[in-house]
Amino acid sequence: MPEKMDPDYGKCWSTSKDSWKTILILAYQSLGVVYGDLSISPLYVYKSTFAEDIHHSDTNEEIFGVLSFVFWTLTLVPLFKYVFIVLRADDNGEGGTFALYSLICRHAKVSLLPNRQAADEALSTYKLEHPPERKNSSRVKVLLERHKFLHTALLILVLLGTCMVIGDGLLTPAISVFSAVSGLELSMSNHQYAVIPITCFILVCLFALQHYGTHRVGFVFAPVVLAWLLCISSLGLYNILHWNRHVYKALSPYYMFKFLRKTRKGGWMSLGGILLCITGSEAMFADLGHFSYSAIQIAFTFLVYPALILAYMGQAAYLSKHHSTIYQISFYVSVPESVRWPVLVIAILASVVGSQAIISGTFSIINQSQSLGCFPRVKVVHTSDKIHGQIYIPEINWMLMILCIAVTIGFRDTKHMGNASGLAVMAVMLVTTCLTSLVIILCWHKPPLLALCFLLFFGSIELLYFSASLIKFLEGAWLPILLALFLVTIMFVWHYATIKKYEYDLHNKVSLEWLLALGPSLGIARVPGIGVVFTDLTSGIPANFSRFVTNLPAFHRILVFVCVKSVPVPYVPPAERYLVGRVGPAAHRSYRCIVRYGYRDVHQDVDSFESELVDKLADFIHYDWSQRLTSGNEDGGSQSGGSSSECRLAVIGTVALSGTPAFEIDESLQPASVSVGFLTVESMTDVIEMEPVGVVERRVRFAVDESESDVRSEIDVQLQEELQDLLTAQQAGTAFILGHSHVKAKQGSSPLKRLAINFGYNFLRRNCRGPDVALKVPPVSLLEVGMVYIV
């Protein structure tokens, strides 16, 4: 599957600079990735709709009413809502549930992510547009920020949407492949013994090939979907001309009224089948980052939308002249017998492509959830070195395969699968509608009345369909609800325990004076090598390191406290990824490094991370001593004490330093909120520092290339000594120190909290990947420190 064209950090395609040729190529490529699921819906919409709630009568009021509903649903939801409104709510070119959530978190203080820093707001991808804020908009913002329970409610809403996407990833392959293979019903006498085994075989092959990545066969995806769209539109046109040329009259909304007036409750319940015509619409927004707004808009408006309308009109035209039994209402009855086998083959291929797109999307959203601390750690494998963002998660893949086959064998018909899939689809759309309403107010600064109109108009349509799906609870709709409750519980427990662990670390961190006091007088030895201590803290000494030194009175000559953290942006540019500073004086050889990732970023392998970390430390050493040279102070210029030595963090780019920084910003308070920016070849924009609360003093010092020769020579000697120590330590080897945690609820906690922490979280921790796997630490270099967290 073709993913992000820019392999660096995900800048979206700038449509103003793209040629029409580029946009059309992207539009063509988007067919295989974005529209596979949406384009195969004609296979099962009519069959699901006429399953049992309504019957096809001689008056044709039912079939024309269903066609009218399909036409207006496709027009209002995918075309008007997604193409013209929701696609504009992108996060640096990225779309999806987490993109909307991260946009809201950046414009209002509602994020529950730990270790936030003001320096994160200086990231170029953390762009905030500040048009004049309306009074009513600011009221909504204040209301959201004031009440903590609204932060939790917003997170649960996002998690619910995420879980329904995962549920869709389970149900879509089953219903798509099953519906395509069910064409054998009209071509084989013993079809009931063939459809299920063939469907299961195709699903097993589909999931078994996931670890190869889709880049090997991705080039055939777009041609397959294009061939399918041309196929269904040609068949639709043939059926219209051959059977009923006046079927276009059924596009009038009047036929919806006639349909509901005649069928009443049965017609309302049949909406659960009609809504399947928009399955896959969310993919337009979720896959926005892979292409561009213009490409997705052109592909849908000028190809996908007309092809689908023709396909549905053609089926309705055929059925209006064939009042057959319920069993025979399916896509394949309207296909002429002479071309039925070729159409069957193309349909199966298109269903596989549509399934592949939703499986890849499921991997992607689980990876995003994991990066934001909302999903237990799983192994993420990158299947392509050239195409950014292509991932494979083994555990999730095999779970999806088993559940997919279980759904196929358990339900055995389109009706139950359609009820389950429809509810998952509408739940995701409702979540998107709610989040987009908040984006309209908080990010676009539009009047709340406009957001309310958007919410009421599209929300009422989706609630109508959602209610029709929910009423089918016992007929398949229970599956996504049960799955969502199970997954939301897991994700919320994991997130809650992660936050509590961070708070424990924050309250039990050790002072810098304790670290500086460690020395030979206390029997503490410094051994050769680099010690990398992983922590969630952005300041202070973590408790797991003090425990390590207490039990093993030695630590490495070069000590680096590394915090790998996520920020609410899709990508962090490589030139802005590393924040590096000292911990203590230069002679102590201790450093802090904060490595920042966006929710769509690819985490580095440990080999490349280790070498890059050393490069960043060397760049920082160059930078720091050049600052001392500028200030004429060998002991650190403006730094007045040991504790303040940790206050200065520099943004280290991806290239070596070639001179002194253009400027430095000093803050008088909030050590965790300080960022020093400087020019690099890749990042030529000044870092904008957000002023923390309570800070009054701010000094900007421009670099001056004048200093005394004796100071310069002394600084040069110390610079070379520190670089030599770093090189020697690198040659001696690197050890990675990680906390091996066991979490317990403190005495007096509620039974629910004890159940969630003592049993739920610890069960997940024991049975999921450890932090060493998530951070890709080799076992031979790993040192684990046992820690008991009482939260």
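Above: the structure in question.
Read on for an overview of the structure. Please read these numbers as outputs of a predicted model, since none were measured by experiment.

**Overview of the overall build of the protein**
Thinking step 1. Scanning the protein from terminus to terminus reveals 24 helices and eleven strands.
Thinking step 2. Within the protein, the proportion of its 791 residues that are buried is 59%.
Thinking step 3. Restricting the contact set of the protein to residue pairs at least 6 apart, pairs at least 24 apart contribute 84%.
Thinking step 4. In the structure as shown, the protein presents an accessible area of about 31800 Å², 62% of it carried by carbon and sulfur atoms.

**So, a nonpolar patch on the surface**
Thinking step 1. Residues F473, L474, W478 and L482 make up a contiguous nonpolar surface patch of roughly 440 Å² in combined accessible area.
Thinking step 2. Within the element layout of this structure, L474 appears in the loop between α17 (448-470) and α18 (478-507).
Thinking step 3. A relative accessible area of 75% places L474 in the exposed class.

**Re the packing of aromatic side chains**
Thinking step 1. In the structure shown here, the tally under the stated rule is 25 aromatic pairs.
Thinking step 2. Centroid distance F71 to W72: 5.1 Å. Interplanar angle 80 degrees. Geometry classified as edge-to-face.
Thinking step 3. Here F71 falls in the buried class, since its relative accessible area comes to 16%.
Thinking step 4. Residue W72 is classed as partly exposed on the basis of its relative accessible area of 27%.
Thinking step 5. Pairing W514 with F545 gives two aromatic rings, centres 6.5 Å apart and planes at 90 degrees, and the pair type is edge-to-face. Of this pair, W514 sits in helix α19 (residues 512-517) while F545 is found in helix α20 (residues 543-551), placing the two residues 31 residues apart along the sequence.
Thinking step 6. Exposure remark for W514: the relative accessible area of 27% places this residue in the partly exposed category.
Thinking step 7. Assessed through its relative accessible area of 0%, F545 is described here as buried.
Thinking step 8. One aromatic cluster is present, built from ring pairs that chain together W514, F545, F548, F555 and F561.

**Some remarks on the sheet that holds strand β10 (residues 734-744)**
Thinking step 1. If you walk across this open sheet you meet the seven strands as β7-β5-β6-β4-β3-β10-β11, and the pairing is mixed. Here the strands that pair on one side only, and so sit at the sheet edges, are β7 (649-652) and β11 (782-790). On average, each strand axis in the sheet is tilted by 25 degrees relative to the strand beside it, whichever way the strands run.
Thinking step 2. Of the pairings in the sheet, the one linking strand β3 (residues 525-534) to strand β4 (residues 554-566) comprises eight bridges and is parallel in character. Note that in β4 the partner of F534 across the bridge is V562.

What counts, and where the lines are drawn
- Along every chain, residues carry numbers that run from 1 in the direction the sequence is written.
- The model is predicted, so local features are restricted to residues of pLDDT at least 70 and side-chain atom pairs to those at 80 or more, both for listing and for counting; the totals for chains, interfaces and linings are taken over all residues.
- The basis for the side-chain values is all heavy atoms of the structure; hydrogens and waters are excluded.
- Secondary structure elements are defined from DSSP: runs of H or I of at least 4 residues count as helices, runs of E of at least 2 residues count as strands, and each element is numbered from the N terminus.
- Exposure classes here rest on a 1.4 Å probe applied to the protein chains alone. A residue is buried below 20% of its type maximum, exposed above 50%, and partly exposed in between.
- Any pair of residues with heavy atoms lying within 4.5 Å of one another is described as a contacting pair.
- Accessible surface area values rest on a Shrake-Rupley calculation with a 1.4 Å probe, where residue burial reflects the displayed protein chains alone.
- Patch definition: residues with relative accessible area over 30% and no salt bridge; like charges joined within 9 Å; nonpolar side chains (Val, Leu, Ile, Met, Phe, Trp, Tyr) joined within 5 Å.
- Here, a salt bridge means any Lys or Arg side-chain nitrogen found within 4 Å of an Asp or Glu carboxyl oxygen.
- Two rings from Phe, Tyr or Trp (for Trp, the six-membered ring) form a pair when their centres are within 6.5 Å of each other. A pair whose planes differ by under 30 degrees is stacked, one over 60 is edge-to-face, and the rest are tilted.
- Paired strands, in this sense, are two strands between which DSSP finds at least two bridges.
- An axis is simply a line fitted to the C-alpha atoms; with a helix, the fit covers only the stretch in contact. Between two such axes, the angle follows the N-to-C directions and lies from 0 to 180 degrees.

That's the geometry; what it means functionally is another story.
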